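The primary structure of each chain is shown beneath.
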Amino acid sequence: MLNFEYKNPVKIIFGKETIPQIAKEIPDGKKVLLTYGGGSIKRNGIYGQVKKALENFEVVEFGGIEVNPHYETCLKAVDVIKKEGIDFLLAVGGGSVLDATKFMAAAVYFSGDDPWDILAKGAKIEKAMPLADIITLPATGSEMNGNSVITRAEIPQKLAFSSQLVMPRFSVLDPEVVFSLPGRQVANGVVDAFVHVMEQYLTYPVNSPIQDRFAESILLTLIEEGPKVLRNRSDYDAAANFMWSATMALNGLIAAGVPEDWATHQIGHELTALHGIDHARTLAVVLPGVMNIRRGQKKEKIIQYGQRIWGITEGSDDEIIDAAIAKTEGFFQSFGIPTTLPDYNVTADTISEIVARFKRQGKSIGETKEITPEIVKLILEDRL
Ligand code: NZQ
Ligand code: ZN
């Protein structure tokens, strides 16, 4: 096992009818900016519950945060925060709303010249405004991590930053939010959480059986519970298990002491930036390519995954790996998610563009930083 430090200060408030508890979690006297997305919270009753809970607070609203949240929108919110004298941020929505709110929390106190440097240059964040959330879509794990992914629409570039300072003070996880999710978002959520686990699991062995089994337990739970949620949105128990799996998939626990990959995500972000493809769908396309092209380097873990998750025990190493890739792709497709580039009308031109962007950044990725732009090309060509 590798050395590690692990600290996760996010208070989780989990369960039915927990939204009213925000009133006692936000310190008295705070002036709150309530951030939200395109309006789903107004249609499913969450907005009403939040407003009622906050009746004794001064609240300013900032709605309209888009999916794959825009840098430009975040800067507008920062102006509102400064003008209104806001001192607490409450995000109510999916990963996009949370991530945008984390960026606002950091950008409002940023002392450098250009807040884009937080994303583009990893500029240091010294202070952030306290934030909390009610997560309405199990998927990203943003409710229990310090990550944020922001898109600058004019370029277009989709980049991430990470800081302990933007971890939520508390996160409310009421599984009943799942009841109003469209099937597409359930599918996306299951696949995103699944791939988060894979990024932290499917690397190379470092004799870390407890992390491996934590990771495998999340994968198996998603395989069992995901289809139940898709079939019956009001199955509370399935919703609860799905929700907690998504949080556990990216709260740092399973990453402690093991190598991490994240190549699938970094390549996927390029597909979203250039083609607007849903985040999870980009992962469903790229991961099978990473598994195939990196089958040599990832051999031991892919075989372990094939055996323990899909029960594949027969065949040569390569046959087991082929079967594990096929099972993974089949799982994504069973949620109605297509897994090749032509399914999204993406052609070889886009591959050239993505490879050029990786070359410009001079960046190699993956658990051993061996995935060069040339290997990114092979991974994407595998998906044509
Ligand atoms: O905008 P509204 O109207 O709220 O509707 C949203 C949006 O259209 C809707 N929705 C959310 N909760 C709902 C609901 N509809 C009905 N009922 C509910 N309870 O779902 C749509 C998608 O929302 P979004 O927040 O974009 O989805 P998700 O949670 O999948 O977040 C995706 C974003 O998170 C980033 C992605 O890159 C993407 O930008 N990620 C963030 C990570 C992190 N912070 O750790 C890690 C991930 O790998 C990911 O990169
Ligand atoms: Zn993801």
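To be clear, the structure that these remarks concern was listed above.
What counts and how
- Along every chain, residues carry numbers that run from 1 in the direction the sequence is written.
- By the order in which they are written, chains take letters starting at A while ligands take numbers starting at 1.
- Selection of residues for local features in this predicted model requires a pLDDT of at least 70, selection of side-chain atom pairs for listing and counting requires 80 or more, and totals for whole chains, interfaces and linings are taken over all residues.
- For the side-chain quantities, the full set of heavy atoms in the structure was used; hydrogens and water were omitted.
- For Phe, Tyr and Trp, where Trp contributes only its six-membered ring, two rings pair if their centres lie within 6.5 Å, and the inter-plane angle classes them as stacked under 30 degrees, edge-to-face over 60, or tilted in between.
- Helix and strand assignments follow DSSP, with helices taken as H or I runs no shorter than four residues and strands as E runs no shorter than two, numbered in order from the N terminus.
- Only protein chains enter the accessibility calculation, which uses a 1.4 Å probe; a residue is then buried when its area is under 20% of its type maximum, exposed when over 50%, and partly exposed in between.
- Nearness here has a simple test: a residue counts as near a molecule or strand if at least one of its heavy atoms is within 4 Å of that partner.
- What qualifies as a polar contact is a pair of N or O atoms within 3.5 Å, subject to a donor-acceptor requirement within protein and to the restriction that residues adjacent in sequence count only when both atoms come from side chains.
- Each accessible area value is a Shrake-Rupley result obtained with a 1.4 Å probe; residue values ignore everything except the protein chains displayed when judging cover.
- Side-chain classes are defined by residue name, with Ala, Val, Leu, Ile, Met, Phe, Trp, Tyr, Cys and Pro counting as nonpolar, Asp, Glu, Lys and Arg as charged, and the others, Gly among them, as polar.
- Donor selection uses N, O and S atoms within 2.8 Å of the metal (3.2 Å for Na, K and Ca). Since no water is included, sites may look incomplete.
- We define the nonpolar core as a collection of buried residues of types Ala, Val, Leu, Ile, Met, Phe, Trp, Tyr and Cys that are connected through side-chain atoms lying within 4.5 Å of one another.
- Contact between two residues is taken to exist if any of their heavy atoms lie within 4.5 Å; hydrogens are not considered.
- To estimate how far a helix should extend, the number of its residues minus one is multiplied by 1.5 Å.
- A pair of strands counts as paired when DSSP detects no fewer than two bridges linking them.
- Candidates for patches are residues over 30% relative accessible area with no salt bridge; among them, like charges are joined within 9 Å and nonpolar side chains (Val, Leu, Ile, Met, Phe, Trp, Tyr) within 5 Å.
- Here a salt bridge means any side-chain nitrogen of Lys or Arg lying within 4 Å of a carboxyl oxygen belonging to Asp or Glu.
- The way it works is a 1 Å grid over only the protein atoms, where trapped points that fit a 1.4 Å probe form a cavity and open points with protein on both sides within 12 Å along at least five of seven lines form a pocket, and then any residue with an atom within 4 Å of a point lines it.
- Grid points are joined across faces, edges and corners, and a volume is the space filled by probe spheres set on the points.

J.: I'd like to hear about the packing of aromatic side chains, residue by residue, with values.
T.: Enumeration according to the criterion identifies 11 aromatic pairs in this entry. Pairing Tyr71 with Trp116 gives two aromatic rings, centres 5.0 Å apart and planes at 70°, and the pair type is edge-to-face. Separated by 45 residues along the polypeptide, Tyr71 in helix H4 (residues 71-84) and Trp116 in helix H6 (residues 116-120) bring together distant segments of the chain. Each member of the pair Tyr71 and Trp116 is classed as buried. Aromatic side chains Trp310 and Phe331 sit 6.0 Å apart centroid to centroid with 55° between the ring planes, which places their arrangement in the tilted category. Taken together, the residues Trp310 in helix H12 (residues 299-310) and Phe331 in helix H13 (residues 317-334) connect sequence positions 21 residues apart. Aromatic ring contacts, followed pair by pair, group Phe194, Trp310, Phe331, Phe332 and Phe335 into a single cluster.

J.: Which residues make up the site of ligand 1, and what values do they have?
T.: As a matter of local geometry, ligand 1 sits amid 32 residues, with Ser40, Gly95, Ser96, Thr136 and Lys158 nearest to it. Between ligand 1 and His265 there is a distance of 2.8 Å, counted from an oxygen atom to a side-chain nitrogen or oxygen. In isolation ligand 1 has 960 Å² of accessible area, and contact with the protein removes 90% of it. Every element with two or more residues in the shell around ligand 1 is listed here: helix H5 (95-107), strand S6 (147-152), helix H7 (183-201) and helix H10 (263-275). For the shell around ligand 1, the residue count by class is nine nonpolar, 20 polar and three charged.

J.: Help me get a handle on the coordination of the zinc ion (ligand 2), residues and values and all.
T.: In this structure, Asp192 (OD), His196 (NE2), His265 (NE2) and His279 (NE2) serve as the protein donors to the zinc ion (ligand 2), at separations of 2.0 to 2.1 Å. Within one chain, the residues donating to the zinc ion (ligand 2) are spaced in sequence as D-x3-H-x68-H-x13-H. Here the residue His265 occupies a position in helix H10, and His279 occupies one in helix H11 (residues 279-293), the gap between them amounting to 14 residues.

J.: For the nonpolar core, give the residues involved together with the corresponding values.
T.: Ranked by size, the top nonpolar core spans 125 residues in total, and within it Val50, Leu90, Met104, Phe194 and Tyr305 carry the most contacts. When residues of this core are assigned to their parent elements, the largest contribution, 10 residues, is made by H7. Apart from residues no more than four positions distant in its own chain, Met104 is found in contact with Leu33, Thr35, Phe62, Ile65, Cys74, Ala77, Val78, Ile81 and Leu89.

J.: So what's going on with H13? Residues and values would help.
T.: With 18 residues, H13 ought to run about 26 Å at 1.5 Å a step, and its terminal C-alpha atoms sit 25 Å apart, in line with that. Here H13 has its buried residues at Ile320, Ile321, Ala324, Ile325, Thr328, Glu329, Phe331 and Phe332. A positive phi of about 80° marks Gly336, the residue just after H13.

J.: Account for the pairing of strand S4 (residues 88-93), with residues named and values stated.
T.: In terms of residue burial, S4 counts as a mostly covered element, since six of its six residues are buried. Residues Phe88, Leu90 and Val92 line one face of S4 and the alternating positions Leu89, Ala91 and Gly93 line the opposite face, and both faces are buried. As paired strands, strand S2 (residues 31-36) and S4 are joined by five bridges and run parallel to one another. Along S4, the bridge assignment pairs Tyr36 with Val92.

J.: Can you explain the side chain of Lys298? Please cite residues and give values.
T.: Relative to the helices and strands, Lys298 is located in the loop between H11 and H12. A relative accessible area of 2% means that Lys298 is categorised as buried. Other than its neighbours up to four places away in sequence, Lys298 contacts Leu202, Thr203, Asp261, Val290 and Glu367.

J.: How would you sum up a nonpolar patch on the surface? Please name residues and give values.
T.: A contiguous nonpolar patch, built from Met1, Phe4, Tyr6, Ile210 and Phe214 and spanning about 490 Å² of accessible area, is present on the exposed surface. The exposure class of Ile210 is partly exposed, given its relative accessible area of 48%.

J.: Lay out the layout of surface pockets with the relevant residues and their values.
T.: Considered as a void within the structure, the second largest pocket measures approximately 160 Å³ in volume. Together, Glu260, Asp261, Trp262, Gln266, Lys363, Ser364, Ile365, Gly366, Glu367 and Lys369 line the second largest pocket. Of the residues that constitute the lining of the second largest pocket, the class distribution is two nonpolar, three polar and five charged.

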